Structures are given as C-alpha cells and as structure tokens.
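# Overview (structure and organization)
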Amino acid sequence: MSVTVAQGFRASGATAGLKASGSSDVALVVNDGPDHHVAAVFTSNRVEAAPVTWSRQAVQDGRADAVFLNSGGANACTGARGFQDTHRTAELVADTLGCSALDVVVCSTGLIGEYLPMDRIEAGIGLTAEGLGREGGEAAARAIMTTDSVPKQASVTRDGWSVGGMAKGAGMLAPGLATMLCVVTTDAVTDAATLDAALRAATSTTFDRVDSDGCMSTNDTVVLMASGASGVPVDADALTAAVTEVCASLARQLVADAEGASHDIAVEVRSAATEADAVEVARSVTRSNLFKAAVFGGDPNWGRVLAAVGTTQAAFDPTTLDVAINGVQVCRSAGVGDDRDLVDLGPREVRVVVDLHAGDATATVWTNDLTHDYVHENSAYST
C-alpha cells in the first residue's frame with residue numbers, strides 16, 4: 001500500500017472513459033478521520049488550471065475530507081466553464097460521501113485547453129466511491145498516470161504511525177513543484193499548522209529540486225492529509241523527516257520515469273556562498289540543453305557545465321571552479337583536469353559535482369538527458 005498505508009484512509013481508481021486508451025482515469029482518496037487536517041502546495045505558474053484555483057480555496061481552512069483526481073484532461077485554460085465544472089465535481093463528490101464540497105480537493109491532469117466531459121466525470125465519481133478500500137492505493141496511483149510508464153508510490157512506517165503517498169509525472173518537471181499531482185497521507189496526530197510547515201519544508205528540497213525540462217505545469221498540486229487514526233502524537237521534526245522521505249522517493253521516481261530519458265542526472269553544487277546560490281547554479285546546469293544532449297550522447301563535455309555556471313548571479317571566482325563527472329575531476333581550477341575519457345556515462349545515473357569554493361552551502365537538483373524519444377513524444381502529445 002502507498003497512499004493507504006496510513007490508517008484512516010481509503011482509495012480507489014476507476015475507468016470513466018476520459019482516455020482514448022481505455023485505461024483507468026479517475027481516482028479518489030478519502031480521509032475517514034478522526035482528524036481531517038490538510039495542507040497543500042500548488043504550481044507557481046500564473047496560468048493555473050481551474051482545479052488549482054478551486055483547491056487553493058478548499059484547503060484554506062486546513063480541512064479536507066477527500067481528494068478527487070482525474071487524468072485525461074487538465075481542465076486548464078477553460079475559463080468560467082472550467083471552474084464551474086471543478087465546482088460541480090466537488091459537489092458531486094461531497095454528495096456521494098456526505099461531506100461539504102469545500103472539503104473536497106480536486107486535481108486534474110492531461111491536455112490543456114479541452115473541456116472535461118462532465119457526464120463521464122459524474123459516472124467516474126460513482127465508480128470510485130463504490131471501489132473505495134484500504135487496498136485501493138495501487139489502483140488510484142495507476143488512474144492518475146498520463147505519459148507515465150509506471151505508477152509512483154512510496155511509504156515509511158515509524159513507531160506506530162505511517163506516511164504514504166502517490167504521484168504522477170513524467171514531463172514538464174520544473175519548479176514550482178514538478179508537473180505532477182501528488183497525494184500524501186499520514187495517520188500521525190498533529191495539527192494543520194504543523195502539517196503545512198512539514199509539507200513546505202519537504203517540497204522545497206524534493207519536488208522543487210526536480211527539473212526535467214525547464215517547463216512548468218498549470219496543474220501542479222501536492223496535498224498532504226492527516227487522519228490522526230494512529231493515536232500517536234508526532235512532533236514537527238519527526239513529521240517533517242518522514243514526509244520529506246516520502247516526497248524524496250516520489251520525486252526521484254518522477255525523474256526516473258521522465259519522458260524518453262536514458263539518464264538520470266544529479267547536479268550537486270558544493271561550497272556555495274548561500275543555499276540559494278547553490279540552487280541557482282545547479283538549476284542553470286540542469287536546464288542546459290547542450291549539456292543534457294551531451295550526456296545523452298555519452299560525451300562528458302564539462303565545458304558546457306562551466307558555461308551554464310557562468311550565466312548565474314551566484315558568488316564565485318570563475319578561475320577556481322572545479323567539476324567532477326561520475327567521480328572523475330574533469331575540470332580543475334576552471335581548467336583542464338583529469339582525462340575526460342575516464343568518465344563512464346554508461347550507467348543510468350550520472351552525478352555531476354560543481355565546487356564553487358565560495359562558502360559552505362550545498363544543493364542538489366535532479367534532471368535527465370535530452371533524447372530523441374523526448375522530442376518525439378512531446379511533438380505528438382495532443383495527437
């Protein structure tokens with residue numbers, strides 16, 4: 001189990017006919033309590049989907065009873081009708097479960113600029129409600145997939161309490177958040193404020209540091225719900241650590257399943273003056289199409305790394321930069337280091353270390369290589 005590993009939660013997935021493939025496309029996660037605390041973070045894209053606008057309002061009071069999710073349509077850039085459809089979805093879920101519509105979070109993912117077929121959504125709500133159960137986490141995780149090749153799930157169990165989660169995403173992985181929907185649950189006894197702080201701390205070092213292609217979604221949503229069903233009070237540090245562990249696993253799974261990717265690339269920046277500088281430098285490298293294409297071609301072209309570092313505003317002396325790729329220091333003091341032919345880019349995982357020699361801060365951002373398959377898949381997405 002993943003999203004249902006925590007006590008007090010049920011989930012399900014079903015097929016409502018939103019996808020031409022006939023795959024499952026609607027999911028429901030329900031918090032049976034006794035607590036119904038919620039926290040959420042959303043895309044920072046100013047063009048946000050209707051479900052994001054709705055759900056921002058729904059979580060303001062710190063309570064949620066359920067999350068309804070659909071793939072097969074983003075309900076983004078759909079105007080007033082799109083928001084009305086989201087509102088109607090929440091009302092239908094609430095009527096089915098016997099709760100308030102304002103306690104229903106709604107998430108959508110798929111093609112932008114298309115209206116959702118509300119007759120199918122309504123039928124899907126009924127199907128997911130009928131299928132709810134403690135064993136429904138796997139089905140829910142599969143139902144929210146779009147270009148994903150595998151469902152993403154993670155869980156951790158502590159002394160008498162648990163955190164579990166599911167996510168979808170395989171492209172447009174760039175902050176804020178990634179291009180994803182994610183539901184995380186816990187049965188820890190906590191409060192809404194602590195839950196919110198734990199989620200924001202977790203996402204800032206996990207999902208916010210996944211950058212597949214520099215493209216930001218209109219629909220990104222991460223929801224964290226707490227049922228309190230374990231009866232175990234948990235302090236803020238322990239909760240944050242557990243939520244971060246689950247989010248880190250899910251974020252890493254997103255990178256591993258990135259569209260068309262053949263390499264997962266970790267860019268670690270060391271000895272930065274500030275953490276913000278470290279993140280800026282790492283993100284500049286991960287967004288370099290030249291570097292990403294070089295990795296795809298098996299070329300440890302460290303010059304492209306330095307060129308990307310040099311475009312940032314971070315504090316460093318350009319003459320003291322070091323770069324290592326998969327353990328080989330190919331660049332030393334901004335000049336030629338060890339023979340680049342010693343670098344083995346055969347393994348799936350590639351690790352790049354950039355040392356700025358400017359301080360004590362560090363940060364790592366994950367990305368993937370730029371492949372022919374990525375271009376092909378995204379050139380034909382809407383067809």
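Here, the structure is the one placed above.
Every chain is numbered independently, its residues counted from 1 as its sequence is written. Only residues with pLDDT of at least 70 are given local features in this predicted model, and only at 80 or more are side-chain atom pairs given and counted; all residues enter the totals for whole chains, interfaces and linings. Calculated side-chain values reflect all of the structure's heavy atoms, with hydrogen atoms and water omitted.

When two helices pack together, their arrangement is captured by the angle between the axes and the distance separating the axes. Contact geometry of helix α2 (residues 79-97) with helix α3 (residues 118-131) gives a least axis separation of 10 Å together with a crossing angle of 30°. In terms of axis orientation, α2 runs roughly parallel to α3. Where α2 crosses over α3, the handedness of that crossing is right-handed. Within the contact between the two elements, α2 uses Asp85, Arg88, Thr89, Leu92, Val93 and Thr96 and α3 uses Met118, Ile121, Glu122, Ile125 and Ala129. In the scheme used here, Gly and all other residues not listed as nonpolar or charged are polar, with Ala, Val, Leu, Ile, Met, Phe, Trp, Tyr, Cys and Pro taken as nonpolar and Asp, Glu, Lys and Arg as charged. For the contact of α2 with α3, the per-class residue count stands at six nonpolar, two polar and three charged. Axes here mean lines fitted to C-alpha atoms, for a helix over just the part in contact, with angles spanning 0 to 180 degrees between N-to-C directions. Counting from the N terminus, the helices are DSSP H or I runs at least four residues long and the strands are E runs at least two residues long. These descriptions rest on fixed angle ranges, namely under 35 degrees for roughly parallel, over 145 for roughly antiparallel, 65 to 115 for roughly perpendicular, and the rest for oblique. Definitions for this section: a left-handed crossing has its near helix turned counterclockwise from the far helix by less than a right angle. A right-handed crossing has that turn clockwise. Should any heavy atoms of two residues lie within 4.5 Å, those residues are considered in contact.

For the purposes of this section, nonpolar cores are sets of buried Ala, Val, Leu, Ile, Met, Phe, Trp, Tyr and Cys residues that join through side-chain atoms within 4.5 Å. Between buried and exposed lies partly exposed: a residue is buried under 20% and exposed over 50% of the maximum accessible area for its type, with that area taken using a 1.4 Å probe on protein chains only. Membership of the largest hydrophobic core comes to 33 residues, with the highest contact counts inside it found for Val269, Val309, Val323, Ile325, Val352, Val354 and Leu356. Every element with two or more residues in this core is listed here: β10 (264-272), α7 (275-286), α8 (289-296), α9 (302-309), β11 (322-325), β12 (328-332), β14 (349-355) and β15 (361-368). When sequence neighbours within four positions are dropped, the list of residues in contact with Val309 reads Val281, Ser284, Val285, Phe316, Leu321, Val354 and Leu356. Counting 32 residues, the second-largest nonpolar core is a separate cluster that includes Ala39, Trp161, Leu239 and Val246.

Looking now at the pattern of salt bridges. What counts as a salt bridge is simple: a side-chain nitrogen of Lys or Arg found within 4 Å of a carboxyl oxygen of Asp or Glu. On inspection of all chains with the given rule, the structure shows 20 salt bridges. For Arg200, the salt bridge goes to Asp196, with nearest N and O atoms at 3.1 Å. With Arg200 and Asp196 both in helix α5 (residues 192-205) and four residues apart, the pair spans about one turn of that helix. Asp196 sits in the partly exposed class, given a relative accessible area of 26%.

With that out of the way, let us pick up unusual backbone geometry. Following Gly33, the chain continues to Pro34 via a peptide bond in cis, the omega torsion being 20°. The residue Pro34 is located in the loop between β2 (26-31) and β3 (37-42) in this model. Positive phi is not limited to glycine here, since Ser271 has a value of about 55°. Ser271 sits in the partly exposed class, given a relative accessible area of 21%.

Further remarks concern the pairing of strand β4 (residues 66-70). In terms of burial, β4 is a largely internal element, five of the five residues being buried. Both faces of β4 are covered, namely the face carrying Ala66, Phe68 and Asn70 and the face carrying Val67 and Leu69. Here five bridges tie β2 to β4, and the two strands are oriented antiparallel to one another. The residue bridging Val26 from the neighbouring strand is Asn70, located in β4. One crossover worth recording links β4 to the parallel strand β5 (residues 104-108) by way of α2, and it is right-handed. Paired strands are those between which DSSP finds at least two bridges. With the strands aimed away from the viewer, a crossover counts as right-handed if its path from the first strand over the helix to the second runs clockwise.

Strand order across the open sheet formed by six strands is β13-β12-β11-β14-β10-β15, with mixed pairing between neighbours. The outermost strands of the open sheet, each flanked by one partner alone, are β13 (335-336) and β15. Alignment of β11 against β14, held across four bridges, turns out to be antiparallel. In the sheet register, Ala324 faces β14, and the bridge partner there is Val353. Helix-sheet contacts for α9 involve β11, β12, β13 and β14, and the interaxial angle to β11 is about 135°.

Geometry only, nothing functional implied.
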